[in-house]
Amino acid sequence: MKIKPLNHRNNGLLQDMEQNGFTLQHMFDRYPFFSEERAGVLHTVRRVRPDFLWQYQYRKDPYSLPLVAQCYDQFKKEMPSFPRLPFTANELRQMFRKQLAMEEAGFVTVESVKASKSVNSDTARQRKGRIEHLRSHWRQELPLAFRDAKSKVNPRRVSHFGTSIYPFLLLLSEDDYIDIMMMAITTLPPNGEALIVFAKDLGRKVQSRFCIKCKEKIGITALVTKVYDHYVELLASDGKVHDKFPREYWQELERDLLHWYAYGHEDVIWPDTTTMQLGTFLTNIMVSDMNIPKNAKNPLQQTLIPAVYHTYNYQSKRKIGFIKPHPLLTQILESDHNSSLIFDAFVMPTYCPPVPWTSPTFGGYIVTPAQLIRMEEGITKQRDLLDHCKEEDPSKLHVVLDTVNQLGSCPWQINEEVLDVIISLFNSGGSTQLGVPPPPSAGPILPKYDPTGKTGIADRTDYNKAVRLARKTLFEMHSLHMDAEYKLSIANAVRHRTFWFPHNIDFRGRSYSCPPHFNHIGSDTTRSLLQFAEGKPLGPNGFDWVKIHLVNLMGRKKCESLSERLRYANAHMEDVLDSADRPLEGQRWWMESDEPWQTLACCKEIAKAVRSPDPAAFFSHLPVHQDGSCNGLQHYAALGRDVVGAASVNLIPHEVPQDVYAVVAQKVEEKRLQDAANGLQIAQVLEGFVNRKVVKQTVMTVVYGVTRYGARLQVEKRLNELEDFPKAHVWKASTYLSRGIFHSLKEMFASTREIQDWLTESARLISTAGYSVEWMSPVGLPIIQPYHHVKQTSVKTSIQSITVCNMDIQQKPHTMKQKNAFPPNFIHSLDSTHMMLTALNCYRKGLTFVSIHDCFWTHAKTVDIMNQVCREQFVALHSQPILENLSNFLLWKHSGLLPVKKKEHEGHFKLLDLLKRVPKKGDLNLQQVMDSVYFFS
């Protein structure tokens, strides 16, 4: 690094910095450098201040929020027993290097589970040679096409958005761009993809590949490897560290081994417009220069035709540009005897425990770019809040970081017995009833048009309508079938090893798995394939919990006690064993379940335990679920201390579980009987049709802000599912029932409606004044609603003009969305807070814990402990003055702010007055929650 001579002005500059509170010590502490940068800056500073000596001073921030301080103080007082992994440190280091190799490659090839037709060896060799010849041809032609297209780009010409695409064509080698295009064409679905989606995906692949290579070039990859090699001491069965959170230990290693300079580099997020333009450039090359032989049987002596082409489709009366593969290309790729699928590296579960999140921009993967909080491109305010929080009080994010790390640290394995059953059913035609989609070949045949009506449809309008419906059905079947193939193929690829799911969160704090296709948040089919990698003995109560879990999955005995559910499971033990031994040939009792595949997995676990010498000593890998009893209403009832509402959602002890859906259905039915007696026709028509199933979805979503219009559509859908209900009365009946549901809930949850109205009106006044609704979760996560007005801009590309929705620069709030979303988002933030507190305390006790929002998973042996922790943390959360804290925060935030428009001054003072009037609370004693057996449904 070349250093210029310094003069007295530089010393004056340092004095000005210190007078403004920015010292040299602060600069080195708070702004990380790479090693050579730090050495150069130190050398420069010492030319002016020869006596300056920098030593890193570790700053441990106190926890400013009561709930957070209480949580971490408890860890200090008690020696935590964080769970260990059943692997040695050396084994974990080897797993890390496999994961690093996969991420650096950028993609992974997985063998498909789809059964291929048997062909002789000569035919298979010919097909393989045909595909290899095609790829070799592309390898020769695409570099020339890429250079030619790049030479036509004017380096000085900027786009409508003020950027030039030319520098982005120099970031990678030609081979990298070629690899990305060839991977894209082999993964293009037969029905095609919208151009804007396809182009953005191509651009993001370039960005990801560039970030990975950049980290390797500047040394970050080597530094992360160095830290991880020591980090495994915390996780391994033979490790020496035992009293640190993963985040804490990783940061200590950063400080001691790297002096913090390794992570001064953050992945630059490219705008969507840039990735779209870059992707469109590559797409144009693919359309123009990727060719295939017209005669697939003789590729050496035939003319060439485009492999992909650009066309237009109409969706909801909108003209959408599409990129579609030529049918012949699809045929060639599908004819490969050894069919394989290509996935991005981040789509796959990881080989090793994820790198712990230590900041909003570092964690999860080793070198693959990732973000802690899922945000749309252009949402800058959320990032500003996180940066401010990280600078002013980093401890506010510790609970969030530690929770996401804990969720991602759970090791998984495949339930191979269930996987084999599903694959066999998938390849034998599938089953709509069991959630295994049939192949498109089983779909409807396109109708024929015949004016005479003898061999087809005579009316042209009816014919066009029938064709559209048949094609729509075929497209949907193909999409579902491919989705199932992806998930089953990934599961099959990892069936013999342990794997992990890195996690991140949305802006409200709700957690999600980073791999998008195959994860535990998926459908019943996917969940049944997953089991804990580490087994634990069932113990004295574990076997009973597995049986109760079976009954819960069946959807039976929901309003019965736990003892009655256990009795029911014991009474059907022959059915359980038959299902486990002969799932497709026996009585198929498991298929009658609400969650059939998870039920089958549970049956197989019970069969193994029963046949073991001692069921209590049997090591079980099966996750046992505990699902919140209408969790949103539980939070509302606790917020308002509503005794009546709390009783209906099991916050108060009862001999049997209370079913809020059945109670609402009963109240609606009582009102219907009165109206029917008074001669109301629609009430008479509904006789015998008002039940729990009809009202459940609406009751569940009312707490999350469903409108009366949306509620009517939900009820209408349920009524249409009833074969005996007269279809002519569906509209009137759905309107009548939705009103009845809202009226019943208003009577049962009076405080809930009052709190919802207070939140909605506050959000309306805040957004009308020109601001987005912002609040702080009880564990310190800064939250701001990302609902703003957007602008549509038409961008001309080499293929077509594309309409791009740009986030408004000033990010003016969308009032309707802001006010409607605030109540459900606020409840979601409380829901995620409760999950985080439960996760950390379960982790401290050595439990395996996984969550899907308000559904918590653990081993059967530790269900009782998890239930106890869950209740304790619910009481701890709602013992805080949550609404009062929200009111104080919003008052502090908006008291000093004036509305953007002068005409809204009156609304500003109305807002301040409203915020001071927090809804009153009832007489519920939260400690009763601790004795509620049926807190979980």
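No experiment lies behind these values; they were computed from the predicted model shown.

### Details of the overall build of the protein chain
The helix and strand inventory of the protein chain stands at 33 helices and 22 strands. Each of the 937 residues in the protein chain was classed as buried or not, and the buried ones make up 54%. For the protein chain, long-range pairs separated by at least 24 residues make up 74% of all intrachain contacts whose partners lie at least 6 apart in sequence. In the structure as shown, the protein chain presents an accessible area of about 43,200 Å², 51% of it carried by carbon and sulfur atoms.

### Comments concerning the nonpolar core
One finds Y72, L651, V660, L686, V699, L737 and F826 to be the most contacted residues of the largest nonpolar core, which totals 113 residues. Top element by residues in this core is helix α30 (residues 815–844). It accounts for 11 residues. In contact with Y72, other than residues within four places in its own chain, are Y63, F245, R247, H398, V399, D402 and L840. Counting 67 residues, the second largest nonpolar core, distinct from the first, contains I423, I490, A491 and F532.

### A short note on the sheet that holds strand β21 (residues 850–852)
Reading across from one edge, β16-β22-β21 is the order of the 3 strands in this open sheet, with antiparallel pairing throughout. Edge strands, defined here as strands with exactly one partner in the open sheet, are β16 (624–627) and β21. Each neighbouring strand pair of the sheet contributes to a mean axis angle of 25°, computed without reference to strand direction. The pairing of β16 with strand β22 (residues 855–858) spans 4 bridges and is classified as antiparallel.

### What about the pattern of salt bridges?
Inspection of the entire model under this criterion finds 35 salt bridges. Where E774 meets K893, a salt bridge forms, and the shortest distance between an N and an O atom there is 3.4 Å. Of this pair, E774 sits in strand β17 (residues 774–776) while K893 sits in helix α32 (residues 882–895), placing them 119 residues apart in sequence. A network of salt bridges, in which partner residues are shared, links D176, R209 and K213.

### Let's talk about the pairing of strand β8 (residues 355–359)
When you tally the buried positions in β8, you get 5 out of 5 residues, the bulk of the element. Pairing analysis gives 2 bridges linking β8 to strand β9 (residues 362–364), with the strands arranged antiparallel. Residue pairing across strands places V355 opposite G364, the latter belonging to β9. What sits between the antiparallel neighbours β8 and β9 is a turn of 2 residues.

### Comments concerning the sheet that holds strand β2 (residues 193–194)
Taken together, the 3 strands give an open sheet; going across it, the order is β2-β6-β5, and neighbouring strands pair in antiparallel fashion. Where the open sheet ends on each side, the last strands, each with one partner, are β2 and β5 (308–315). Examined bridge by bridge, β2 and strand β6 (residues 318–325) share 2 bridges and lie antiparallel to one another. By the bridge assignment, E193 is partnered in β6 with I323.

### Some words on unusual backbone geometry
Look at R588: it is not a glycine, yet its phi comes out positive at around 60°. Relative to the helices and strands, R588 is located in the loop between α20 (573–581) and α21 (596–610). With a phi angle near 65°, N650 is a residue other than glycine that sits in the positive phi range. For N650, the position within the fold is in the loop between α23 (643–648) and α24 (660–677).

### Overview of the packing of helix α8 (residues 195–217) against helix α11 (residues 272–289)
Packing of α8 against α11 leaves a shortest axis separation of 6 Å and a crossing angle of 100°. Overall, the two elements α8 and α11 adopt an arrangement that is roughly perpendicular. Of the residues in α11, those in contact with L195, I196, F198, A199, K200, L202, G203, R204, V206 and Q207 of α8 are D272, T275, M276, L278, G279, T280, L282, T283 and M286. By residue class, the composition of the contact of α8 with α11 is 10 nonpolar, 6 polar and 3 charged.

### Considerations on the packing of aromatic side chains
Across all of its chains, the model carries 29 aromatic pairs by this definition. Seen from their ring centres, F210 and W270 are 6.2 Å apart, and the 35° between their planes marks the pair as tilted. Taken together, the positions of F210 in helix α8 and W270 in the loop between α10 (246–258) and α11 put the pair 60 residues apart, joining distant regions of the chain. Judged by its relative accessible area of 25%, F210 falls in the partly exposed class. For the pair F849 and F856, a centre-to-centre distance of 5.2 Å together with 55° between the ring planes defines the contact as tilted. A network of ring pairs unites the aromatic residues W412, F499, F501, F518, F532 and W857 as a single cluster. The positively charged end of R460 is found above the aromatic ring belonging to Y449, 3.9 Å away from the centroid. Above the ring of F742, the side-chain terminus of R708 is found at 4.5 Å from the ring centroid.

### Observations concerning empty space enclosed by the protein
All told, the structure shown has 7 cavities of 30 Å³ or more when counted by the stated rule. In this structure, the largest cavity occupies an estimated 200 Å³ of space. Split into classes, the residues belonging to the lining of the largest cavity amount to 11 nonpolar, 4 polar and 2 charged. Considering only enclosed or pocket space, the second largest cavity measures out at about 100 Å³ in volume. Looking at side-chain class alone, the lining of the second largest cavity contains 11 nonpolar, 4 polar and no charged residues.

### Concerning the pairing of β22
In β22, alternate side chains face the same way, and those of C855 and W857 on one face and F856 and T858 on the other are all buried. Bridge count for β21 against β22 is 3 bridges, and the pairing is antiparallel. If you follow V850 over to β22, its bridge partner there is W857. The antiparallel hairpin formed by β21 and β22 contains 2 residues in its connecting segment, where H853 sits at a positive phi of about 60°.

Here is what the cut-offs are and how they apply
Residues numbered from 1 in each chain as written. Predicted model: local features only at pLDDT ≥ 70, side-chain atom pairs only at ≥ 80, totals over all residues. Heavy atoms only, no water. Helix = DSSP H or I, 4+ residues; strand = E, 2+ residues; numbered from the N terminus. Buried < 20%, exposed > 50% of the residue type's maximum accessible area, 1.4 Å probe, protein only. Contact = heavy atoms within 4.5 Å. Areas by Shrake-Rupley, 256 points an atom, 1.4 Å probe, with all protein chains shown as cover. Core = buried A, V, L, I, M, F, W, Y, C linked by side-chain atoms within 4.5 Å. Pairing = 2+ DSSP bridges. Axes fitted to C-alpha atoms, helices over the stretch in contact; angles between N-to-C directions. Salt bridge = Lys/Arg side-chain N within 4 Å of Asp/Glu carboxyl O. Parallel < 35°, antiparallel > 145°, perpendicular 65-115°, else oblique. Nonpolar A, V, L, I, M, F, W, Y, C, P; charged D, E, K, R; others polar. Phe/Tyr/Trp six-rings, centres within 6.5 Å; stacked < 30°, edge-to-face > 60°. Lys NZ or Arg CZ within 6 Å of the ring centre and 35° of its normal. 1 Å grid on protein atoms, 1.4 Å probe; cavity = no way out; pocket = protein on both sides within 12 Å on 5 of 7 lines; lining within 4 Å. Points joined across faces, edges and corners; volume = space filled by probe spheres on them.

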